Amino acid sequence: MLTWGDDVEVHALHARGWSISAIARHLERDRKTIRAYVRGERTPGQRRVAPAHPATSPSRSPIYSARRCRPRPPGSHPAIRC
């Protein structure tokens, strides 16, 4: 994430003809980050929201479901069901 000041500097340097790589080195940021701000794909001061990965959700994990839905012995806790 870049601050508003960094974003202004990125656009000013880009307007002067600096390369994306040179701007990234100058600001000590990743080239892909600088490119995204130059293209207007990101907004300064706001973090990018990463999409939820389905494999990280315990309710969708096949291992979690297999453990959760295995047969329970008689007399086990009644609140735990498939």
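Conventions and cut-offs
- Residues numbered from 1 in each chain as written.
- Predicted model: local features only at pLDDT ≥ 70, side-chain atom pairs only at ≥ 80, totals over all residues.
- Heavy atoms only, no water.
- Helix = DSSP H or I, 4+ residues; strand = E, 2+ residues; numbered from the N terminus.
- Buried < 20%, exposed > 50% of the residue type's maximum accessible area, 1.4 Å probe, protein only.
- Contact = heavy atoms within 4.5 Å.
- Areas by Shrake-Rupley, 256 points an atom, 1.4 Å probe, with all protein chains shown as cover.
- Axes fitted to C-alpha atoms, helices over the stretch in contact; angles between N-to-C directions.
- Left-handed = near helix turned anticlockwise from the far one by under 90°.
- Nonpolar A, V, L, I, M, F, W, Y, C, P; charged D, E, K, R; others polar.
- Salt bridge = Lys/Arg side-chain N within 4 Å of Asp/Glu carboxyl O.
- Core = buried A, V, L, I, M, F, W, Y, C linked by side-chain atoms within 4.5 Å.

## Focus: the overall build of the protein chain
From N to C terminus, the protein chain includes four helices and zero strands. What you see in the protein chain, going N to C, is helices and strands ordered as α-α-α-α. Split into buried and exposed, the 82 residues of the protein chain put 20% on the buried side. In the protein chain, the share of contacts with a sequence separation of at least 24, taken over all contacts with a separation of at least 6, comes to 35%. As displayed, the protein chain has an accessible area near 6700 Å², and 53% of this comes from carbon and sulfur atoms.

## Overview of the packing of helix 1 (residues 4-15) against helix 2 (residues 20-27)
Closest axis-to-axis distance for the helix 1/helix 2 pair is 10 Å, and the angle between their directions is 145 degrees. For the pair helix 1 and helix 2, the crossing hand works out as right-handed. Contact with helix 1, carried on its side by D6, E9, V10, L13 and H14, involves I20, I23, H26 and L27 of helix 2 and no other residues of that element. Class assignment of the residues belonging to the contact of helix 1 with helix 2 gives a composition of five nonpolar, two polar and two charged.

## Remarks on the pattern of salt bridges
In this structure the tally under the stated criterion is two salt bridges. Close ionic contact of D6 with R29 constitutes a salt bridge, the shortest N to O distance being 3.4 Å. Of the two residues, D6 is situated in helix 1 and R29 in the loop between helix 2 and helix 3 (31-39); the sequence distance between them amounts to 23 residues. Residue D6 is classed as buried on the basis of its relative accessible area, which comes to 18%.

## Quick notes on the nonpolar core
The tendency in soluble globular proteins is for nonpolar side chains to be buried as a group. Core analysis: the biggest nonpolar cluster contains nine residues, these being L2, V10, L13, I20, I23, A24, L27, I34 and Y37. Sort the elements by how many residues they give to this core and helix 2 lands first, with four residues. Once residues within four sequence positions are removed from consideration, V10 is found in contact with L2, I23, L27, I34 and V38.

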